[in-house]
Amino acid sequence: GQQVMQIPQYQHVQEGEDFTTYCNSSTTLSNIQWYKQRPGGHPVFLIQLVKSGEVKKQKRLTFQFGEAKKNSSLHITATQTTDVGTYFCAGRSGAGSYQLTFGKGTKLSVIP
Amino acid sequence: NAGVTQTPKFQVLKTGQSMTLQCAQDMNHEYMSWYRQDPGMGLRLIHYSVGAGITDQGEVPNGYNVSRSTTEDFPLRLLSAAPSQTSVYFCASSTQGSYNEQFFGPGTRLTVL
């Protein structure tokens, strides 16, 4: 079945440093979504990428979808303590598939 | 709108007991799904539904049943609880299946002794 791998599993950064998490799929994806989960909370949707090579920005967050639609990344510039949480990617493969496969997430800690 | 609601928030069961986790949404979403989250494992899909009367299995369906008699409700039943089912359970809903953002409920933390 489809597998979505996410690295790193953990990342500790000093406040103000940049952070990147990477997502790789074993199959070509129709779309990829990114979610953020704060400690003790539930996943919250951040963004969806659909097109090959797509790049989207949300303030300090930059999301990329690879040309082959098998990988994606989330980059945060100048991290803040409010960025703390676990970031998940979730991909869907196949036009007829209703299932999203989540990566295991990257847990970000920000040291003030 | 309340969004997606889940009850209970916490539950402790003994091995072999059965129970139902409740999930409801008031956004008229066609698609609903159940995930379990275990440390270091991300979110794994248990069952999903694309509309009232239609359900299907996800990645880890064994030991769980679902039904979808209304658009609003999507309960998850544990038939005979096992310690391996200790987890945090999230319900999610969206329009148009997984094409759009999933709205997650606050979760149910289940412990099976």
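Above this text is the structure in question.
Worth saying up front: this structure is predicted, and the values here are computed from it rather than measured.

Cut-offs applied
- Residues numbered from 1 in each chain as written.
- Chains lettered and ligands numbered in written order.
- Predicted model: local features only at pLDDT ≥ 70, side-chain atom pairs only at ≥ 80, totals over all residues.
- Heavy atoms only, no water.
- Helix = DSSP H or I, 4+ residues; strand = E, 2+ residues; numbered from the N terminus.
- Rg over C-alpha atoms; globule rule 2.2 N^0.38 Å.
- Buried < 20%, exposed > 50% of the residue type's maximum accessible area, 1.4 Å probe, protein only.
- Areas by Shrake-Rupley, 256 points an atom, 1.4 Å probe, with all protein chains shown as cover.
- Lys, Arg positive; Asp, Glu negative; His and termini not counted.
- Charge placed at Lys NZ, Arg CZ, Asp CG, Glu CD.
- Contact = heavy atoms within 4.5 Å.
- Buried area = accessible area lost by both parts, 1.4 Å probe.
- Polar contact = N/O pair within 3.5 Å; in protein donor to acceptor, adjacent residues only side chain to side chain.
- Nonpolar A, V, L, I, M, F, W, Y, C, P; charged D, E, K, R; others polar.
- Phe/Tyr/Trp six-rings, centres within 6.5 Å; stacked < 30°, edge-to-face > 60°.
- Pairing = 2+ DSSP bridges.
- Salt bridge = Lys/Arg side-chain N within 4 Å of Asp/Glu carboxyl O.

Student: Please clarify how the overall build of chain A should be interpreted in this entry.
Tutor: Per the secondary structure count, chain A includes zero helices and eleven strands. Along chain A, from the amino end to the carboxyl end, the secondary structure elements read β-β-β-β-β-β-β-β-β-β-β. For 112 residues, the compact-globule estimate of 2.2 N^0.38 gives 13 Å, and the C-alpha radius of gyration of chain A, at 14 Å, lies within 12% of that figure. For chain A, buried positions account for 47% of its 112 residues. Counting only carbon and sulfur atoms, one obtains 51% of the accessible surface of chain A, whose full area is about 5,400 Å². Here chain A carries 12 positive and 6 negative side-chain charges, and the mean point of each set is 10 Å from the other.

Student: Help me understand the interface of chain A and chain B in this model?
Tutor: A common way to express how large an interface is: the accessible area buried when the components associate. Contact with chain A, which involves 20 residues of that partner, is made by 23 residues of chain B. For the pairing of chain A and chain B, the buried interface totals around 1,800 Å² over both sides, and the portion due to carbon and sulfur atoms is 56%. Inspection of the region where chain A meets chain B yields three residue pairs in polar contact (both at pLDDT 80 or more). The set of elements that each furnish at least two residues to the side of chain A that touches chain B consists of β4 (31-37), β5 (44-49) and β9 (85-92) of chain A. Among the elements that line the side of chain A that touches chain B, the one with the most residues is β4 of chain A, at four residues. Split by residue class, the side of chain A that touches chain B holds eight nonpolar, ten polar and two charged.

Student: What's the story with the packing of aromatic side chains in this structure? I'm lost.
Tutor: We describe a pair of aromatic rings using the distance from one ring centre to the other and the angle between the two ring planes. Residues and elements named next belong to chain A. Evaluation of the coordinates by the stated rule reveals twelve aromatic pairs over all chains. For the pair W34 and F63, a centre-to-centre distance of 6.5 Å together with 50° between the ring planes defines the contact as tilted. Of this pair, W34 sits in strand β4 while F63 sits in strand β7 (residues 61-65), and the two are 29 residues apart along the sequence. Residue W34 shares its accessibility class with F63, and that shared class is buried.

Student: Would you mind going over the pairing of strand β1 (residues 4-7) of chain A with me for this structure?
Tutor: A regular strand places its side chains so that they alternate between the two faces of the sheet. Residues and elements named next belong to chain A. The two faces of β1 differ: V4 and Q6 on one face are buried, but M5 and I7 on the other face are not. Bridge analysis of β1 against strand β3 (residues 19-25) gives four bridges, and the strand direction is antiparallel. Bridging across to β3, V4 finds its partner in S25.

Student: Can you walk me through unusual backbone geometry in this structure?
Tutor: Phi is mostly negative for residues that are not glycine, and the peptide bonds are mostly trans. The step from I7 of chain A to P8 of chain A runs through a cis peptide bond, and the omega angle for that step is -5°. One can find P8 of chain A in the loop between β1 and β2 (10-14). Here T7 of chain B and P8 of chain B are connected by a cis peptide whose omega angle stands at -5°. Here P8 of chain B lies in the loop between β1 (4-7) and β2 (10-13). With a phi close to 50°, A78 of chain A is a non-glycine residue in the positive phi region. Along the chain, the position of A78 of chain A falls in the loop between β8 (71-76) and β9. On the basis of relative accessible area, A78 of chain A is assigned to the partly exposed category, the value being 31%.

Student: Any chance you could explain the side chain of R68 of chain B here in plain terms?
Tutor: Residue and element names in this part refer to chain B. Structurally, R68 is set in the loop between β7 (64-66) and β8 (76-78). Despite its burial, R68 remains without a salt bridge, the nearest opposite charge being carried by E30 at 7.4 Å. Looking at R68, its side chain comes within polar contact range of the main-chain oxygen of T71, at 2.8 Å. When residues no more than four places from it in sequence are discounted, the contact partners of R68 are Q25, H29, E30, M32, S49, V50, G51, A52, G53, T55, D73 and F74.

Student: Sorry if this is basic, but what is going on with the pairing of strand β6 (residues 55-58) of chain A here?
Tutor: Residue and element names in this part refer to chain A. Relative to β7, β6 runs antiparallel, the two sharing four bridges. In the strand pairing of β7, K57 is matched with T62. The hairpin formed by β6 and β7 contains two residues between the paired strands, and K59 there has a positive phi angle of roughly 55°.

Purely geometric stuff here, so don't read any function into it on its own.
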